[in-house]
Amino acid sequence: MQITIDQQLFLRTVTLEDAKTVFALTDASRDYLREWLPWLDITKEVTDTTAYIEGCIKGHEAKSSLSLVIIFQNEIVGIAGFNTINHSNKIAAIGYWLSEGAQGHGIMTKTVQALLQYAFEELQLNKVEIRAAVDNAKSRAIPERLGFTKEGTIREAEWLYDHYVDHTAYGMLASEWKQINEDYSCS
């Protein structure tokens, strides 16, 4: 599967062939990513990334998740997708990370916009959620910029190496997405 965003940016389903590249990107951004992502210490070699991708493939086949590589200027720069897709309740949760060197180009905002469009128009979901650590300003800026509703704080939501962090929960409903797009197209 591929989602083209613009001439320089597209998303495609992660494959086992991506393992070396995704691991190298993770390894190069390890210190930067470690501030907010809890899995860096268990991702020590390519086989760890291969196991992660195998899980992503199984989730995609089961239609319970969707993990995509973010490709900017023909290079993989991060991962984004739906960590969970609950078809019964028509809800999905978006997760994402971007290498340090790819910051500042609007990549993640465009990526999440494309995921929203896919969720609401292709998957016919009713709600998309994003959770981010309360102090993770860069990650929280994405749903805030895109018009998500702040739904609350989940206390001690994630163990981050040696401490718990609270999460801010954001949600967008299909009806809100439709209104945002109508307002945008009218302006």
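Quick caveat, the model's predicted, so the values are computed rather than measured. (Residues numbered from 1 in each chain as written. Predicted model: local features only at pLDDT ≥ 70, side-chain atom pairs only at ≥ 80, totals over all residues. Heavy atoms only, no water.)

Let us look at the overall build of the protein. For the protein, the helix and strand inventory stands at six helices and eight strands. Order of helices (α) and strands (β) in the protein, N terminus to C terminus: β-β-α-α-α-β-β-β-α-β-α-β-β-α. Its C-alpha atoms give the protein a radius of gyration of 16 Å, near enough to 16 Å, the size a compact globule of 187 residues would have. Projecting the C-alpha coordinates of the protein onto the three principal axes gives extents of approximately 50 × 40 × 35 Å. Per-residue burial over the protein gives 43% buried out of 187 residues. (Helix = DSSP H or I, 4+ residues; strand = E, 2+ residues; numbered from the N terminus. Rg over C-alpha atoms; globule rule 2.2 N^0.38 Å. Buried < 20%, exposed > 50% of the residue type's maximum accessible area, 1.4 Å probe, protein only.)

Another aspect to go through is the packing of aromatic side chains. Scanning the model with the defined rule gives three aromatic pairs in all. For the ring pair F120 and W177, a centre distance of 6.1 Å and an interplane angle of 35 degrees mean the geometry is tilted. Residue F120 is located in helix α4 (residues 107-122), and its partner W177 is located in helix α6 (residues 174-186); the two are separated by 57 residues in the primary sequence. Residue class for W177 comes out buried when judged on its relative accessible area of 10%. Between W159 and Y164, the ring centres sit 4.8 Å apart and the planes meet at 70 degrees, which makes this aromatic pair edge-to-face. Looking at R34, its charged tip hangs above the ring of Y161, at a distance of 3.7 Å from the centre. (Phe/Tyr/Trp six-rings, centres within 6.5 Å; stacked < 30°, edge-to-face > 60°. Lys NZ or Arg CZ within 6 Å of the ring centre and 35° of its normal.)

If you look at the biggest cluster of nonpolar residues, it comprises 34 residues, and the most contacted ones within it are I70, F82, I94, V112 and L116. Taken together, the elements giving at least two residues each to this core come down to β2 (9-13), β3 (66-72), β4 (75-86), β5 (91-98), α4, β6 (127-133) and β8 (164-173). Take this core: its biggest share by element is nine residues, from α4. Discounting chain neighbours no more than four positions away, the residues touching L116 are I94, V128, L146, F148, M172 and W177. Listed in part, the 15 residues of the second largest apolar core include L33, C56, V69 and I76. (Core = buried A, V, L, I, M, F, W, Y, C linked by side-chain atoms within 4.5 Å. Contact = heavy atoms within 4.5 Å.)

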